[in-house]
Structures are given as C-alpha cells and as structure tokens.
Amino acid sequence: MLASIVSYGLLYLAPGGPLLALQQQQQGGADRVTADDIARIKARFELDLYVPVRFMRWFVGLPKGSLTIGGQTFFADWEVGCAQEATSLTMLIYPDGREVLVQPGGCINPVTLAELADRRNTNGILFGDFGLSQQILRDRPVGELIESRLPYTLVLMGVSTLLTLLIAIPIGIYSAVRQYSIFDNIATGLAFIGTSLPTFFFGIILIIVFAVYFKDWGLPYLPPGGATANRDYIIPFFGLTEFRIDAGSFTDHILHFIMPCLVLTFVSIAAWSRFIRSSMLEVLRQDYVRTARAKGVRERLVILKHAFRNALIPFITLVASILPTLVAGAAITESVFNWPGLGRLLIDALNRSDYTVALALLYITLVLQLVGYLISDILYTVADPRIRLS
Amino acid sequence: MAAITPKSVALENKPVRSESQWETVLRRFARHRMAMISLFILVIIFGLSIFAPIITPFPRDQIDQSRRFFQPLTINPETGEMHWFGTDHLGRDYYTRLLYAARVSLTVAVTSTLLSTLIGLTLGMLAGYFGGWVDMIISRTLEFVATFPLLVILLILVAVLLDNENLIPIPGFVLNIIMAITSVDRIDNARVIAVVILTIALLFWTGTARLMRGMVLSVREQPFIESSRALGGSNLRIMTRHVFPNAFPPIIVDFTLGLNGILVLESSLSFLGFGIQDPIPTWGNMLNFAQSYAFQHPWMTLVAGLPILLTSLAINYVGDGLRDALDPKMKI
C-alpha cells in the first residue's frame, strides 16, 4: 500500500517538465519583436535552456551556476542552453581564434553554466519555492499570491464542508432508516436535482433571485459577488428597519459569503446524503444488525452504534477526497461569485497565460491528493480492524 | 448427445412466451415513469438539434443591432418575426442558437463518452482478463491518470493544446465529419471541438476501466468461462462472447452517468471561457455571456441555462431507470 503511494509520487513528477516546456514556449511566442527582445524574453522564461536543465531548475532549483570548490571553478563552459539558433550555415569565430562551422539549426550563441549565476534563481518547487508570477502580479513570488488567496478558499471550503457533514449525515441516515417514506422521496428528489444542477447555473440563479430581484422588491438582499463591498450599503428589512453595512466589516464579509457557501453546500449535500443512504442501506441488511435488534438493543442504538459506524467506512474515502479539491473544487463557484480564492486564481492564471501560477496550483493539488490517499489509508486501518497495512 | 435431447411435446400446443434478457430489461424500464418521460424529453432535444438547420427560423450568426435583448416571445416590430426565446447581446436569435449549441454540446458529450467508454472497456477488459503484468501496467496507468484533478488538468490541457494547434495532428476527414455534425463552418473551429473531445475522453476513461476490470474479475472465475475454455475457445472468443455480455449491464449505467458528467464538464469548460469559443454556440458559452447581462436581463440566464439542467436531469433519470431495470434483485 505504501509502495503504491510512493510510486504515485515518482510518477507524477514527470508531467511537470514537458508541460512547463510547452507552456513556456507558447508564452515566449506571444511577444515577437526583435531578435534582442526574443533573446531577453527567452532568458527571462529560461526558454534558452535545454529542457532537462530547465526542468531541474524549476523542480529543485539546480543548477544555479558553475561549481566552485576551493577557489577553483568547474564546468563553467558547460553548454546548458542555446540563446540563438543558426538559420543558415554560419561560421562562428571564438575569441581564442577557433573557427567552427555551424549547420542551420545549430547553436550560434550557447548559454554556459557560468551565466546561470546571474539569472534569477528559485529554490525549486520541491522545496516550496514556486517562482515568480509572470502576469497576474508581475514578478511577485507566486507563493505570496497563493498566500493572499488561501484564506478565502479555506473559509469557503471549510465552512461548506462542515455544514455538509452536519446536514448530509442525518439526512442520509434518516432516509435509509425510513426508506421510501415521504421524507426519503423528497430527499431523493432534491438530491437528484442537486446532482444534475450545474453549479454555475445554480449560482447565477441565486444571484438573480437574491441579489437582483430581492433588491428590486425591497426585500433584504444579498450582495451579488466579491468578498467585500467597495462602498457602504444599506439593506432594507421588510420596511421595518434598515441595516447599514460598512464595507469591509464582519457583517459585510458574512453577507458576501452566504451565497457561494450555499451553492457548494447544497451540491455536496446532494451527493453525500445519497452516499450515506446507500451505504447505510447496505449495512442495515447485515446479519449483525439483525442480531443486535434480536437481542433487544434499542433501535436508536442499533442505528447509531451498530449500523452507522460501519456505514462510515466507505465514507472515509469520500472525506479524504475533499483535500485535493481545496484548490480547484470551488473554481466554478468562485468564478461565478467573483470570490477571490485559489480556484479563481487558477482560472485567471490560465486565462492570462500565467503558467508559473497554474503549475504551482496543479503541483499543490497533486501533493494534496497524495496526502489525501495517505490519510484515507490510515483512517481505514483505524476504522476497520480487518484491514492491515502490508 | 443429440440422442438425449428431450422434445417438448406437451408444450408445443400452447407455446410459453419466453422473453429474452433485453426484453425483460425493456419491460422493466418502461415501468419507470420518470425514466420514460426523460427518455421522451431527450429524444425531443436530440431531434430538435439534429433538425436544427431545417426548423430554425434565423441564420445562426445573424447579427442585428436593431434587435438586441428582445425578451422571449417578442415579435420584432419591424419584420413581424417571432423570437421565441428572445435575442442576445448582438441581436442573434436565441432559439436558433440554442438548437445549434445543442448540436455542439451534445456532439462533444456523446463522442467523448463513447470514446472514453471504449477506452475504459478495452483496458478494463484486458486488465481483468489477463491479470499479471498487463493488469499491472494498466492499473498503474489508471491510477496515474486518476491522480490528476479532472477540471484542473482539463483546463490546463485545453489551454495548452489550443495554443499549440499542431501538437495533436487530427486527420482531415475527422474534422470534416465534426464540421458536418456540428455545422461549424471553419476547420480550425472543428479542430477546437476535436481537441476538447479528445482531452475529455483521455481523462475520463478511468472510472469505466475500473468498473469493467472488477466485473471481468468476478465473471472470469465463473464455471461457464472454464467450460468455454475446455471446449477450446480462444481468448478473443471468450472475451467477446462470454465475458463481455456478462460484464456489460453496469457499463450501460456507467455510460449514462458519464454522459451527464461530460455534458456538465464541457458546459463548465466553455462557461469559464475555455474550450469552444463564440461565435460557435455551446450551452456553456451562451450562459457565460448571459451572466454578464444577468442584472439587466435576468431571463437570458434562464433561457441559456435551462437546457443544460433539463438534459442533465433527463439523462440522470434515464440512468436511474436503467440501473433499476438491469438489477435483477430490484423489484419494480
């Protein structure tokens, strides 16, 4: 089990390289001005380096320059890239008088290892240095950008997950215990709508109803998007009184938070309550539940202690799978509501070709995914003593 | 052996109507009221989109500044033409565009689902049937692909692939077919659609493969497989004639769920502004534009969003009906 986790780890490292290369080539292609500009842009995005070297610099931040041991410099002349390629047969004259004939496509302006020392160096994504943002916040560290967005996403995902758990579990249990009752049928119907309803459509409908129409009708309305308002605003309360909301205040935050949270929660409740219902139904049919009932354990205890605890086991996978959705799980909801979280950052980054940011987010997601696997494996052995780590 | 074949003399006079497995499934499916209604709705939606060029009253991209933002059921005062679902921000007829959008969205959804089911079926079958190193390779690939968060990697891949058009060469005849089906008039637009279809299919097959592998693993150990092998059946024959039909029913349900998933996925993609772009209408990018005018013209979102919801609900109900119909333990 652990071995497979490690193999994931090794496997997923590979796509960063070619992906990075592609994206950066395209990035460089966007500005085509003069040969000088091209060389400068290439150097900026390290496009002049050979792919393995570029990947290593992105991934672990090495090589940083020529190797110096005890005042002696080694490998300073190593060619690690090419700044300009020959378009025709070119004669290259070195300072020491050597003359070399370069074929078309060959290199006439090699980048040596020593030159890398003057470049901007990162510590490598493996050690948490995501490099610099190229577009969104020009030349600011990506880490800073992510840090500024992280709290929004954490609050949104955290609260909605908590609410989902609190609501979905009772609904799931009750639907399973009273299968085919009116309650179960209503819950099933709602869950059906919840799983079919695309989050973006649901989000816009909410905006139209609560932000547009409620405002027109003079009802207490909700702000349509963003995390805070720019100006103070007044919310009427059924003609009785009015609330003056200061921009940036706590209430302001809460009011902006309600709708995105509602969308996320509703959609996940639909999925999770179904999941709990089916796994409870499975468990309730088991012999040990019948035994427990036969020996006279109270129904409430049978359900909560004997059945529910066992129904939770498959649920663990689901809970552990939330972790990787932290980055992009709410991407659509965040875009609809203009919520400044990580998901919207990803969309922005892709829209504006800021690939260092996008790759950093992808990398974080993959790490979280692995951590999620690990956690769910550990929780499994805790919850189900029959499973042993081998 | 032929000598001991019993002849059912007694039954010859009053034949017992025996029904095949699929007749049973159909009969059970027909009892599921919501599923039947949904199937009907789906047939209508598919029919409308197929006959879009014939039944739409306006050209798809006809821009007319004099008729912007007509509400649904507006009659154009100048021409007396009816705009059933209104017009958009450029004065294009919404009803016309919705039908053409259905063509694109449904083509993407159906083709991607077919492709990914095909990939998943084949790989799952191979992994389950042969086991050993075949299973090892396929399972590791599957885990590797499944590690990527779908939406994130899809957004990135589509963005990259669309910027580098020649990265995946797509044969011209495929593009021509896509152009014909989706009534897209330019070949580079067809390429965009092809890229979206391919990317989704290449990321979506893991669920099907996993399901198929599990089914094949359980079917493989059954006595009838052993007898077929004893009778000298080749691997190919056993797989196609014995394993496949027995592992197939859950795949049908999986197909409908996948169809719905991909439909919503593609809509999200174009809603976020990636993938297929205006002027090619898809339900997703129409909704994207509608959102910009949500404050002044709220009806636009409803008109653009309801088809997605309706189709998605209908597919889900059909899937539900199929699941019940295919499950022999379920009483209907």
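What you are looking at is a predicted structure, and each value in this text was computed from that prediction instead of being measured.

(A) Local environment of the overall build of chain B. Helix and strand counts for chain B come out as 14 helices and two strands. C-alpha atoms of chain B, sized along the principal axes, occupy 85 × 55 × 35 Å. Long-range contacts, defined as pairs at least 24 residues apart, comprise 72% of the intrachain contacts of chain B with a sequence gap of at least 6. Carbon and sulfur atoms form 66% of the exposed surface of chain B, whose accessible area is close to 16,200 Å². Taking the average place of the 25 positive charges on the side chains of chain B and the average place of its 23 negative ones, the gap between the two points comes to 11 Å.

(B) Here's a closer look at the packing of helix H5 (residues 132-147) of chain B against helix H9 (residues 206-220) of chain B. Residues and elements named next belong to chain B. For the pair H5 and H9, the least separation of the axes is 10 Å and the interaxial angle reads 145°. In the packing of H5 onto H9, the handedness of the crossing is left-handed. Contacts between H5 and H9 pair Asp135, Ser139, Leu142, Val145 and Ala146 from the former with Thr206, Ala209, Arg210 and Arg213 from the latter. Looking at side-chain class alone, the contact of H5 with H9 contains four nonpolar, two polar and three charged residues.

(C) The environment of A:Gly341, seen in detail. All names here are of chain A. By the secondary structure assignment, Gly341 is in the loop between helix H12 (331-336) and helix H13 (342-351). On the basis of relative accessibility, which here comes to 0%, the residue Gly341 falls in the buried class. In this structure the C-alpha to C-alpha distance between Gly341 and Ile207, which are 134 residues apart in sequence, comes to 18 Å. Residue contacts for Gly341: discarding those within four places in its chain leaves Arg149, Tyr152, Thr153 and Glu334.

(D) Geometry of the interface of chain B and chain A. Taken residue by residue, the interface counts 40 residues in chain B and 41 residues in chain A. Where chain B abuts chain A, roughly 3,600 Å² becomes buried across the two surfaces, and 80% of that area is made up of carbon and sulfur atoms. On the chain B side of the interface with chain A, the three residues burying the most area are B:Thr147, B:Ile156 and B:Phe295, jointly 15% of the side's total. Across the chain B-chain A interface, the total number found is zero salt bridges. Linking chain B to chain A there are three residue pairs in polar contact (both at pLDDT 80 or more). When residues of the side of chain B that touches chain A are traced back to their parent elements, those giving at least two are H5, helix H6 (150-163), helix H12 (249-271), helix H13 (283-292) and helix H14 (299-326) of chain B.

(E) How the structure looks around the packing of aromatic side chains. Considering all chains together, one arrives at 12 aromatic pairs over all chains under this definition. Ring plane angle 90° and centroid distance 5.8 Å describe the contact between A:Tyr152 and A:Trp339, whose orientation is recorded as edge-to-face. Of the two residues, A:Tyr152 is situated in helix H5 (residues 142-177) and A:Trp339 in the loop between H12 and H13; the sequence distance between them amounts to 187 residues. We classify A:Tyr152 as partly exposed; its relative accessible area is 28%. Judged by centre distance (5.2 Å) and plane angle (90°), the ring pair of B:Tyr129 and B:Phe130 falls under edge-to-face. What makes B:Tyr129 buried here is its relative accessible area of 6%. The partly exposed category is assigned to B:Phe130, whose relative accessible area is 38%. Through a chain of ring-to-ring contacts, the aromatic side chains of A:Phe210, A:Tyr213, A:Phe214 and A:Trp217 assemble into a single cluster.

Rules of the game
- Residues numbered from 1 in each chain as written.
- Chains lettered and ligands numbered in written order.
- Predicted model: local features only at pLDDT ≥ 70, side-chain atom pairs only at ≥ 80, totals over all residues.
- Heavy atoms only, no water.
- Helix = DSSP H or I, 4+ residues; strand = E, 2+ residues; numbered from the N terminus.
- Contact = heavy atoms within 4.5 Å.
- Areas by Shrake-Rupley, 256 points an atom, 1.4 Å probe, with all protein chains shown as cover.
- Lys, Arg positive; Asp, Glu negative; His and termini not counted.
- Charge placed at Lys NZ, Arg CZ, Asp CG, Glu CD.
- Axes fitted to C-alpha atoms, helices over the stretch in contact; angles between N-to-C directions.
- Left-handed = near helix turned anticlockwise from the far one by under 90°.
- Nonpolar A, V, L, I, M, F, W, Y, C, P; charged D, E, K, R; others polar.
- Buried < 20%, exposed > 50% of the residue type's maximum accessible area, 1.4 Å probe, protein only.
- Buried area = accessible area lost by both parts, 1.4 Å probe.
- Salt bridge = Lys/Arg side-chain N within 4 Å of Asp/Glu carboxyl O.
- Polar contact = N/O pair within 3.5 Å; in protein donor to acceptor, adjacent residues only side chain to side chain.
- Phe/Tyr/Trp six-rings, centres within 6.5 Å; stacked < 30°, edge-to-face > 60°.

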